[in-house]
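So you can see what is in the structure, the chains are spelled out below.
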Amino acid sequence: MTNRTFTMIKPDATEKGYTGGILKMINDAGFRIVAMKMTQLSTEKAGQFYEVHKERPFYGELVSFMSRGPITAAILEKENAVEDFRKLIGATNPAQAEAGTIRKLYAASIGENAVHGSDSDENAAIEGDFFFSRLEQF
Ligand code: GDP
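Note that this is a predicted model, so its numbers are computed, not measured.

Novice: So, the overall build of the protein: which residues are in play, and what are the values?
Specialist: Helix and strand counts for the protein come out as seven helices and four strands. Order of helices (α) and strands (β) in the protein, N terminus to C terminus: β-α-α-β-α-α-β-α-α-β-α. Expected size for 138 residues packed as a compact globule is a radius of gyration near 14 Å; at 14 Å, the protein falls within 12% of this value. With respect to the principal axes defined by its C-alpha atoms, the protein has extents near 40 × 35 × 25 Å. Sorting the 138 residues of the protein into buried and exposed places 47% on the buried side.

So this is what it looks like as structure tokens:
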């Protein structure tokens, strides 16, 4: 079954010029980009996107990090997209990420970890719709 996941290349990776390298890894792993844009989240939008984490101690830090500079948001299509993409990005904390994963290669810390990947099909659809209208999803 072909399905979809949602990703963001986060501000840390954008600042360091890793966008092209990360997109190449995504393409090489067999994901088809079906929507993509470079944009910057306001603190309000970042807070909304990460609302599920609002009780966590790092919420304020996460919102200010995610709104401090441009990101690249994209919807990706592949068989088993959500699970395969979580494997490709690696553990939340890059110190625990496996060799060859995006976070192992490009992430600096548990907070500034280069990329986002949806954790379920349901959240992938919600997150994709947060950034893209139906006309922008191919
Ligand atoms: P993910 O699904 O692997 O992205 O991880 P989570 O859903 O647990 O957390 C969402 C995001 O919050 C992570 O990708 C990090 O950017 C950030 N985050 C998670 N844990 C921490 C933490 O302990 N400290 C800080 N500063 N940020 C964190």
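Now that the structure has been shown, the text picks up again.
Novice: Help me get a handle on the site of the ligand, residues and values and all.
Specialist: For the ligand, the full set of nearby residues is K10, H53, F58, E61, L62, R86, T92, R103, I110, G111 and N113. In the model, an oxygen atom of the ligand is placed 2.9 Å from a nitrogen or oxygen of the K10 side chain. N113 places a polar side-chain atom, nitrogen or oxygen, 2.9 Å from an oxygen atom of the ligand. Summarising the interface, the protein chains cover 81% of the accessible area of the ligand, which totals 550 Å² for the free molecule. Its residues placed into classes, the shell around the ligand shows three nonpolar, four polar and four charged.

Novice: A description of the packing of aromatic side chains should follow, citing residues and the corresponding values.
Specialist: Applying the stated criterion to the full structure yields nine aromatic pairs. Here F6 and F49 contribute two aromatic rings whose centre-to-centre distance is 6.0 Å and whose plane-to-plane angle is 50 degrees, an arrangement assigned as tilted. Remark: F49 occurs in helix α3 (residues 43–49) and F6 occurs in strand β1 (residues 2–9); sequence separation between them is 43 residues. F49 matches F6 in its accessibility class, with the two residues each being buried. Ring plane angle 85 degrees and centroid distance 5.4 Å describe the contact between F31 and F85, whose orientation is recorded as edge-to-face. Of this pair, F31 sits in the loop between α2 (19–28) and β2 (32–39) while F85 sits in helix α5 (residues 81–89); the two residues are 54 residues apart in sequence, bridging distant segments of the chain.

Rules used throughout
- Residues numbered from 1 in each chain as written.
- Predicted model: local features only at pLDDT ≥ 70, side-chain atom pairs only at ≥ 80, totals over all residues.
- Heavy atoms only, no water.
- Helix = DSSP H or I, 4+ residues; strand = E, 2+ residues; numbered from the N terminus.
- Rg over C-alpha atoms; globule rule 2.2 N^0.38 Å.
- Buried < 20%, exposed > 50% of the residue type's maximum accessible area, 1.4 Å probe, protein only.
- Near = heavy atom within 4 Å.
- Polar contact = N/O pair within 3.5 Å; in protein donor to acceptor, adjacent residues only side chain to side chain.
- Areas by Shrake-Rupley, 256 points an atom, 1.4 Å probe, with all protein chains shown as cover.
- Nonpolar A, V, L, I, M, F, W, Y, C, P; charged D, E, K, R; others polar.
- Phe/Tyr/Trp six-rings, centres within 6.5 Å; stacked < 30°, edge-to-face > 60°.

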